Amino acid sequence: MNVQDARRMTQAPDTHATSPGYMPGWGNDFETEALPGALPQGMNSPQKCAYGLYAEQLSGTAFTADRPERTWCYRIRPSVKHSARYRRIEVPYWKSAPHAPADVTSLGQYRWNPVPHTDEPLTWITGMRTMTTAGDVNTQVGMAAHVYLVTESMVDSYFYSADSELLVVPQAGRLRFFTELGIIDLAPKEIAILPRGLVYRVEVLDGPARGFVCENYGQKFDLPGRGPIGANCLANPRDFKAPVAAFEDREVPSTLTIKWCGEFHETEIAQSPLDIVAWHGNYAPVKYDLDAYCPVGAILFDHPDPSIFTVLTAPSGVPGVANIDFVLFRERWLVAENTFRPPWYHKNVMSELMGNIYGIYDAKPEGFVPGGMSLHNMMLPHGPDRDAFEKASNSNLGPDKLDNTMSFMFETRFPQHLTEFAGKEAPLQDNYIDCWADLEKHFDGTRGGV
Ligand SMILES: O=C(O)Cc1cc(O)ccc1O
Ligand SMILES: [Fe+2]
């Protein structure tokens, strides 16, 4: 294809690629071009780039990082070309740490029903509802947990977060993330990571859409070390998919919204910023199918720590203590003998925020419903509800499949603070702690053994 033909192909429709394509592998050094020959070979900064493109680097780690993560982009215009100064805007429901409202207490066991949609049309930006924040966005530690309610596509409107990478966990509906580096379509049972600094717009493919977001202010998510498990199982690198290059050549007045130090700013731009024709590098968005997660568990007795179900971990700088672990409780066989099989009762120095994607969670057969969330904050006791305890203590133990279940946990070393939304507007279950009220005293001091 010659250059003229290739250019024509980008004219109608405006978008060069309308269905996504993906490249497999976690942390690979990818290369991809939407037009042939757009990617310089053997160097990054040629004096003139093919097709009259501009070269621009996106640095996701410091220049001097041991394993730098950066991507070279070949784009129609450099992203510095926008036509207005940044001006502050209000996005009232998207909060950042530190944020601990005085009239909301975070000390407690909390559970919410699914946050319902309303008649209000909401985009990815206006539909973000922060539930908790932890750490400090300015010092780049901690996280925020959000629910998103999205009914409308972003039109001539683009967004990036300078504060964070976003881990997106859909629960209902399908979304398209048209990013600078390509297109990711996302449905429930999949997750995506949108790196810090990457521009995108979000379209509704099948709405309304609801899901969860973990906003990571700190060091990027990585695959956990598998230790004695060895080289396979859990999340395998090849199941992560980065998009192939896709671009738009559209000259329409547009807005670009930036989240920066917890504040939102807007600028005008005369064209679509999604104009990267080719790129190479290892700093890219990815998606992952949670059905590809291969759980490893107890095959004789006892209940291991949930860290065996870690999909991704974001380090905090302290070895073994994560800024965030993303943990998946999916379908699996329970075979442990002579064992209380559900999660045990415990208090944890880490703070556990859980969400239900579908089905029933074994420790909470009632009340923790798809789309719902719970929070067991730092050092606050929790565990199976009364019915789960009685059932698991008395059932005949054969091999048992936990079917139709997918829940997850955002676990952080920092206490999580409820927002006003989480404490006052979201459908908080006021009676949650009653699920433990009927736990009986079984103690009999005259009887040894069981
Ligand atoms: O609290 C929870 O339900 C999450 C959890 C699950 C598990 O299997 C062990 C510990 C734990 O915190
Ligand atoms: Fe727990």
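Residues numbered from 1 in each chain as written. Chains lettered and ligands numbered in written order. Predicted model: local features only at pLDDT ≥ 70, side-chain atom pairs only at ≥ 80, totals over all residues. Heavy atoms only, no water.

1. Details of the UniProt feature "binding site: homogentisate" (unreviewed entry) in the protein chain
- Within this structure's numbering, the places UniProt gives as "binding site: homogentisate" (unreviewed entry) are H346, Y361 and H382. Lining the largest cavity, from this annotated set, are H346, Y361 and H382.
- Tracing the chain through its elements places H346 in the loop between β20 (321–334) and β21 (351–359).
- Residues in contact with H346, not counting those within four places in the same chain, are E352, L380, P381 and H382.
- Within polar-contact distance, the side chain of H346 engages the side chain of E352 at 3.3 Å. (UniProt positions renumbered as here; feature names shortened; annotations may be inferred. 1 Å grid on protein atoms, 1.4 Å probe; cavity = no way out; pocket = protein on both sides within 12 Å on 5 of 7 lines; lining within 4 Å. Helix = DSSP H or I, 4+ residues; strand = E, 2+ residues; numbered from the N terminus. Contact = heavy atoms within 4.5 Å. Polar contact = N/O pair within 3.5 Å; in protein donor to acceptor, adjacent residues only side chain to side chain.)

2. Considerations on the sheet that holds strand β17 (residues 276–281)
- Pairing within the open sheet is antiparallel, and its 4 strands lie in the order β2-β17-β4-β3. Single-partner strands in this sheet number two, and they are β2 (30–33) and β3 (54–59). Neighbour-to-neighbour, the strand axes of this sheet turn through a mean angle of 20°, independent of strand direction.
- Relative to β17, β2 runs antiparallel, the two sharing 4 bridges. By the bridge assignment, F30 is partnered in β17 with G281. (Pairing = 2+ DSSP bridges. Axes fitted to C-alpha atoms, helices over the stretch in contact; angles between N-to-C directions.)

3. Digging into the site of ligand 1
- Around ligand 1, the neighbouring residues are H303, P306, F329, P343, W344, H346, E352, M354, Y361 and H382.
- Between an oxygen atom of ligand 1 and a side-chain N or O atom of E352, the distance comes to 3.0 Å.
- In this structure, an oxygen atom belonging to ligand 1 sits 2.5 Å away from a side-chain N or O atom of Y361.
- When isolated, ligand 1 has an accessible area of 310 Å², and the protein chains bury 97% of it.
- Assessed atom by atom at 2 Å from the grid points, ligand 1 resides in the largest cavity.
- Residue composition of the shell around ligand 1, grouped by class: 6 nonpolar, 3 polar and 1 charged. (Near = heavy atom within 4 Å. Areas by Shrake-Rupley, 256 points an atom, 1.4 Å probe, with all protein chains shown as cover. Sits in = over half its atoms within 2 Å of the grid points. Nonpolar A, V, L, I, M, F, W, Y, C, P; charged D, E, K, R; others polar.)

4. A look at the side chain of E331
- Tracing the backbone shows E331 in strand β20.
- In this structure E331 comes out as buried when scored by relative accessible area, which is 14%.
- Setting aside its immediate chain neighbours within four residues, E331 contacts P295, Y358, L402, D403, N404, T405 and M406. (Buried < 20%, exposed > 50% of the residue type's maximum accessible area, 1.4 Å probe, protein only.)

5. A few points about empty space enclosed by the protein
- Considering all chains together, one arrives at 1 cavity of 30 Å³ or more under this definition.
- Its boundaries defined by the atoms lining it, the largest cavity holds a volume of some 240 Å³.
- As for the largest cavity, its lining consists of 23 residues, of which F329, P343, E352, M354 and Y361 are closest to the centre.
- Listing elements by their share of the lining of the largest cavity, those giving two or more residues are β20, β21 and β22 (373–376). (Points joined across faces, edges and corners; volume = space filled by probe spheres on them.)

6. Remarks on the confidence of the model for the protein chain
- Residues with a pLDDT of 70 or more make up 96% of the protein chain, whose mean pLDDT is 95.
- Here residues 1–13 scores under 50 on pLDDT; set against residues more than four positions off or in separate chains, the count is 13 contacts.
- Scored by ipTM, the complex comes to 0.98, with pTM at 0.95. (pLDDT = per-residue confidence, 0-100.)

7. Here we look at the coordination of the iron ion (ligand 2)
- Summarising the metal site, the iron ion (ligand 2) is bound by the protein donors H346 (NE2), E352 (OE), E352 (OE) and H382 (NE2), whose distances to it range over 2.0 to 2.6 Å.
- In terms of primary sequence, the donors binding the iron ion (ligand 2) are separated according to H-x5-E-x29-H.
- In this structure H346 comes out as buried when scored by relative accessible area, which is 19%.
- The class for E352 is buried, based on a relative accessible area of 5%. (Donors = N, O, S within 2.8 Å, 3.2 Å for Na, K, Ca; no water.)

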